[in-house]
Amino acid sequence: MDMDTRLLRYFAAVCEEGQLTAAAARLRIAQPTLTKQIRRLEEQLGVQLFRRSRAGMVPTPAGQVLAGRAGFLLAGWDEALRATREAANRAGGVLRVGFEGATINLVGRAIVEEFALRMPGWQVQMRQNNWFDETSGLLTGDIDLALWHAPPSITDRYGCADLGTEERWAALAADHPLAARAELDFAELLDEEFVAIPQEAGHWRDYWLGVEERRGHPVRIGAVAHNADEWLAAVACGQGIGFAPQSMSRLAARPDVVHRPVRGLSASRVGLYWPLDRPLTPAMAAFARCCQGHIEVQHRPSDQTAANGVG
């Protein structure tokens, strides 16, 4: 029987945490998604793995047997992946980099050409971030690095090659009553309808809705978009407003959408991110160095900050 190792990791996390909520937070996925994946594993195996009770998730006898072997299986798989990546680092390969919508325009030819000089035999493959996965594919290994505009606190969970900081601006339809204003205040946007990204995006959905700054004030959702193009189209059609990096005003400019600075909304930390438990490979470090030399954001980091974890 073929099995996705991701399902086994989800199972192991639930066993170790004893609760779906805690396991979902640790895995950085939504709880309904984790519940669905555990059920999928049970269906594949044809056994019940947990008894659900008020106390939490208790492994059944079959679940206990699998739990006793899951650690060994995952450790063996991780070692195989490390050996494979080390061999690839010596022979050349493909570095997969995720990006957010229009931020792909931050990565130009100069970066790719410098990377090719630093890492002969390597290629860069750019992939748009998956809004249905909080890690954008980092946890599953679908990508090696993610280009994110993120809250500073995210470095508790991810390594970061810092590219600087950038303000979050409001995006509004050109005929919106507030579009004529040169600057907006966060408090006056609280009751506006917003274009949201999917719930599966987890903390990213909250971040781009300004939930922290709302201090408990509920969000009104006018539309839900599944990718960056849908999001911008929904804003242009007046289905809601949204927050986006300031650079989006030039990277994805269109006449029916205006972008305005917002007082009271914290700035993003722009960087290339990777899981803390995954070593930074020479190819990842080389690409980060190339980006730090060429990408322009509002406020660039100091040389010492930019070199954080990047050799």
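Because the structure is predicted, anything quoted here is derived from the model rather than measured.

Peer 1: Would you mind showing me how to read the packing of aromatic side chains here?
Peer 2: Two aromatic rings are characterised by how far apart their centres lie and by the angle between their planes. A full pass over the atoms with the stated rule returns nine aromatic pairs. Judged by centre distance (5.4 Å) and plane angle (45°), the ring pair of F11 and F50 falls under tilted. Note that F11 is positioned in helix α1 (residues 5-17) and F50 in strand β1 (residues 50-53), a separation of 39 residues in sequence. The exposure classification of F11 matches that of F50, with both residues buried. Seen in terms of ring centroids, W148 and W204 are 4.8 Å apart; in terms of plane orientation they differ by 55°. Their pairing is tilted. Of this pair, W148 sits in strand β5 (residues 145-150) while W204 sits in helix α6 (residues 203-208), and the two are 56 residues apart along the sequence. Summarising the burial analysis for this pair, W148 and W204 share the class buried. Ring-pair connections join several aromatic residues into one group, and the members of that group are W148, Y158, W204, Y207, W208 and Y273. Above the plane of the ring of Y207 lies R168, whose end atom (NZ or CZ) is 4.0 Å from the centre. For the cation-ring pair, R214 lies above F194, with the distance from its terminal atom to the ring centre recorded as 5.0 Å.

Peer 1: How should the sheet that holds strand β8 (residues 184-185) be read in this particular structure?
Peer 2: Taken together, four strands build an open sheet; the order of strands is β8-β12-β7-β11 and the sheet is mixed. Taken across any chain shown, the strands that pair with only one partner, and hence form the sheet edges, are β8 and β11 (242-245). With four bridges connecting them, strand β7 (residues 168-173) and β11 associate as antiparallel partners. Within β11, the position partnered with A171 by the bridge is G242. Helix α8 (residues 228-236) rests against β7, β11 and β12 (257-263) of the sheet, and its axis sits at about 55° to β7.

Peer 1: Explanation requested: the nonpolar core in the structure shown.
Peer 2: Generally speaking, a soluble globular protein has its nonpolar side chains buried in company with each other. Ranked by internal contacts, the top residues of the largest apolar core, which has 45 residues, are W148, L189, W204, W231 and F243. Only β5, β6 (158-166), β7, β9 (193-196), α6, α8, β11 and β12 provide two or more residues apiece to this core. For F243, the residues in contact, after removing those within four places along its chain, are W169, A170, F186, L189, F194, W208, L209, G210, W231, V262 and L265. In this structure, L163, L272, I295 and V297 belong to the second largest nonpolar core, which totals 25 residues.

Peer 1: What is the right way to read the pattern of salt bridges from this model?
Peer 2: It is possible for side chains of opposite charge to pair when their charged atoms get near one another. With the rule as written, the count across this model stands at 13 salt bridges. E188 is the partner of R181 in a salt bridge, and the nearest nitrogen-oxygen pair spans 2.9 Å. On the basis of relative accessible area, E188 is assigned to the partly exposed category, the value being 32%. Through salt bridges that share partners, E16, E17 and R26 make up one connected network.

Parameters and conventions
Residues numbered from 1 in each chain as written. Predicted model: local features only at pLDDT ≥ 70, side-chain atom pairs only at ≥ 80, totals over all residues. Heavy atoms only, no water. Phe/Tyr/Trp six-rings, centres within 6.5 Å; stacked < 30°, edge-to-face > 60°. Helix = DSSP H or I, 4+ residues; strand = E, 2+ residues; numbered from the N terminus. Buried < 20%, exposed > 50% of the residue type's maximum accessible area, 1.4 Å probe, protein only. Lys NZ or Arg CZ within 6 Å of the ring centre and 35° of its normal. Pairing = 2+ DSSP bridges. Contact = heavy atoms within 4.5 Å. Axes fitted to C-alpha atoms, helices over the stretch in contact; angles between N-to-C directions. Core = buried A, V, L, I, M, F, W, Y, C linked by side-chain atoms within 4.5 Å. Salt bridge = Lys/Arg side-chain N within 4 Å of Asp/Glu carboxyl O.

Without other data, these values stay purely geometric and don't point to any function.
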